[in-house]
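# An overview of the molecular structure
Listed below, chain by chain, are the residues.
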Amino acid sequence: MSQTLTLRRPDDWHLHLRDGAMLEAVLPATARHFARAIIMPNLVPPVVTAAQASAYHDRIRAAIPEGMDFTPLMTLYLTEDTDPADVAAAHASGLVHAVKLYPAGATTNSASGVSNFDNVRAVLEKMAEIGLPLCVHGEVTDAEIDIFDREAVFIDRVLDPIRKATPGLRVVMEHITTRNAVDYARAQDDSLGATITTHHLVINRNHILAGGIRPHYYCLPVAKREEHRLALRAAATSGDARFFLGTDSAPHTDANKLLPCGCAGCFTAPNTLSILAHVFEEDGALDKLEAFTSLNGPAFYRLPANTDTITLEKTGATYPSHIETADGPVTVFDPGFPLAWAVR
């Protein structure tokens, strides 16, 4: 007999949808399974103002397929010129649910990010005052810092000083990849949360580099040693309210992934729930999956959990290897093992 697992409908607390034809191609994969998502603002040009966020919100809403119910939760891209009053007005309107901090040069389309953190102090203080979360891409970008150490250095050099200098600021450490980040999150109060991606629960750096380079496993922050992957799995499957799902699903065409300087990102939206069910079952924690996907995130963002449900059935699941877009195919993340749990 097949097994079934019913969860409150999940949300994705870190999602890239891009724009234009790519948006139209990838949005259905998320809307099919997720009720809401925190939408990343690193377009070209970035979503910096409330007016830009409103226009992007309208484009996303227009791309939702008929019969699907999905709510985009908008963010603003933090720059050294961001106006605290505009941020406060966007939050008060109900449109914007977070502000995104990209250290300049840290990842895709991050050139407009922050270099001098003193220049954003007024914005952070306003966010602490109004309770608006700061979502952080937690890596330093110094050339002399090894890429595998950039998250740990960021925590010590940037994140902890920002939090100490801005009491009350609510922060999400996005796509954490190290034991250092897990330990830091566990030691903090409920003003700090941390998202964990699907792919970082599955791959370590060997998957990218051993036996040949596999560009479709290349992401930022880059996957780390196996000890760090296991720390992430322990955090995700613990039920601890500090940790929740942010897929960081990041579509790029195969042509852009396979360039000599290929783009960073894994497109996990289509098969995330099946992969997560596999991981949580393997770790004997299926009873904790709903907390990770559907409860902890809304609690941190002070939103109600979804009341509708989604059911997975252990009958075997298959997904296409890629989806077609007007710009070319986008490869769907391959976890490297068969998927037993299918979304019914």
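Please refer to the structure placed before this passage.
A tally of regular secondary structure across the protein gives 11 helices and 13 strands. Whereas a compact globule of 344 residues would reach a radius of gyration of roughly 20 Å, the protein reaches 19 Å, a difference of no more than 12%. The principal-axis extent of the C-alpha atoms belonging to the protein is close to 60 × 45 × 40 Å. Each of the 344 residues in the protein was classed as buried or not, and the buried ones make up 58%.

This paragraph deals with the packing of helix H3 (residues 84–92) against helix H4 (residues 121–130). Two elements in contact, H3 and H4, have axes whose closest approach is 9 Å; the angle formed by their N-to-C orientations is 25°. On the basis of the axis angle, H3 is roughly parallel to H4. Here H3 runs over H4; the crossing is right-handed. Counting all contacts with H3, which are made through Pro84, Val87, Ala88 and His91, the residues of H4 involved are Ala122, Val123, Lys126, Met127 and Ile130. When its residues are assigned to classes, the contact of H3 with H4 shows seven nonpolar, one polar and one charged.

With their axes 9 Å apart at the nearest point, helix H1 (residues 20–31) and helix H2 (residues 50–63) run at an angle of 60° to one another. Between H1 and H2, the angle falls in the class oblique. Seen along the crossing, H1 lies across H2 with a hand that is right-handed. On H2, the residues that touch Leu23, Glu24 and Leu27 of H1 are Arg59, Ile60 and Ala63. By residue class, the composition of the contact of H1 with H2 is four nonpolar, no polar and two charged.

This part is about the pattern of salt bridges. Applying the stated rule across the entire model yields 17 salt bridges. Taking the shortest distance from any N to any O, the salt bridge between Asp118 and Arg121 comes out at 3.1 Å. You can call Asp118 exposed: its relative accessible area is 52%. According to the relative accessible area criterion, Arg121 is partly exposed, its value standing at 32%.

Taken together, eight strands build an open sheet; the order of strands is E2-E3-E4-E5-E6-E7-E8-E9 and the sheet is parallel. Strands at the two margins of the open sheet, each flanked by one partner only, are strand E2 (12–15) and strand E9 (243–245). When strand polarity is set aside, the average angle formed by the axes of neighbouring strands in this sheet is 30°. Pairing of strand E5 (residues 96–101) with strand E6 (residues 134–136) involves three bridges; the strand directions are parallel. Across the sheet, the residue bridging to Val99 is Leu134, located in E6. Helix H11 (residues 289–300) contacts E2, strand E3 (36–39), strand E7 (171–173), strand E8 (192–196) and E9 of the sheet and is inclined by roughly 115° relative to E9.

Okay, the sheet that holds strand E1 (residues 4–8) next. Reading across the sheet, the three strands line up as E1-E10-E13 and stay open at both edges, with antiparallel pairing between neighbours. Of all the strands in the sheet, just E1 and strand E13 (339–343) have a single pairing partner and so form its edges. Neighbouring strand axes in the sheet, compared pairwise and without regard to direction, differ in orientation by 35° on average. In this fold helix H10 (residues 272–282) packs onto strand E10 (309–317) and E13, with an angle of close to 130° to the strand it touches most, E13.

All chains considered together, the criterion is met by zero disulfides. You can see Cys266 has no disulfide; the closest cysteine sulfur is in Cys219, sitting 4.6 Å from it.

Residue position: Arg32 is located in the loop between H1 and E3. The class of Arg32 is partly exposed, set by a relative accessible area of 48%. For the pair Arg32 and His91, spaced 59 residues apart in sequence, the C-alpha separation works out to 27 Å. With sequence-adjacent residues up to four places away left out, Arg32 is seen in contact with Arg9 and Met68.

Before going further, it helps to examine the side chain of Asp248. Within the secondary structure, Asp248 sits in the loop between E9 and helix H9 (254–257). This buried residue, Asp248, is left without a salt bridge; Lys100 holds the nearest opposite charge, at 6.4 Å. Excluding residues within four positions of it along the chain, Asp248 makes contact with Asp12, His14, His16, His175, Thr197, His199, Leu220 and Cys266.

Now for the environment of Asp283. Checked against the element boundaries, Asp283 lands in the loop between H10 and H11. With relative accessibility at 35%, the residue Asp283 sits in the partly exposed group. With 45 residues separating them along the chain, Asp283 and Ser238 place their C-alpha atoms 9.9 Å apart. When sequence neighbours within four positions are dropped, the list of residues in contact with Asp283 reads Arg233 and Thr237. There is a polar contact of 2.8 Å between the side chain of Asp283 and the side chain of Arg233.

Next up on the list: the nonpolar core. Counting 95 residues, the largest nonpolar core has Leu134 and Met173 as its most contacted members. Core analysis: the next-biggest nonpolar cluster, separate from the first, contains 13 residues, Tyr77, Val172, Phe300 and Tyr301 among them.

The rules we used
Residues numbered from 1 in each chain as written. Predicted model: local features only at pLDDT ≥ 70, side-chain atom pairs only at ≥ 80, totals over all residues. Heavy atoms only, no water. Helix = DSSP H or I, 4+ residues; strand = E, 2+ residues; numbered from the N terminus. Rg over C-alpha atoms; globule rule 2.2 N^0.38 Å. Buried < 20%, exposed > 50% of the residue type's maximum accessible area, 1.4 Å probe, protein only. Axes fitted to C-alpha atoms, helices over the stretch in contact; angles between N-to-C directions. Parallel < 35°, antiparallel > 145°, perpendicular 65-115°, else oblique. Left-handed = near helix turned anticlockwise from the far one by under 90°. Contact = heavy atoms within 4.5 Å. Nonpolar A, V, L, I, M, F, W, Y, C, P; charged D, E, K, R; others polar. Salt bridge = Lys/Arg side-chain N within 4 Å of Asp/Glu carboxyl O. Pairing = 2+ DSSP bridges. Disulfide = S-S within 2.5 Å. Lys, Arg positive; Asp, Glu negative; His and termini not counted. Polar contact = N/O pair within 3.5 Å; in protein donor to acceptor, adjacent residues only side chain to side chain. Core = buried A, V, L, I, M, F, W, Y, C linked by side-chain atoms within 4.5 Å.

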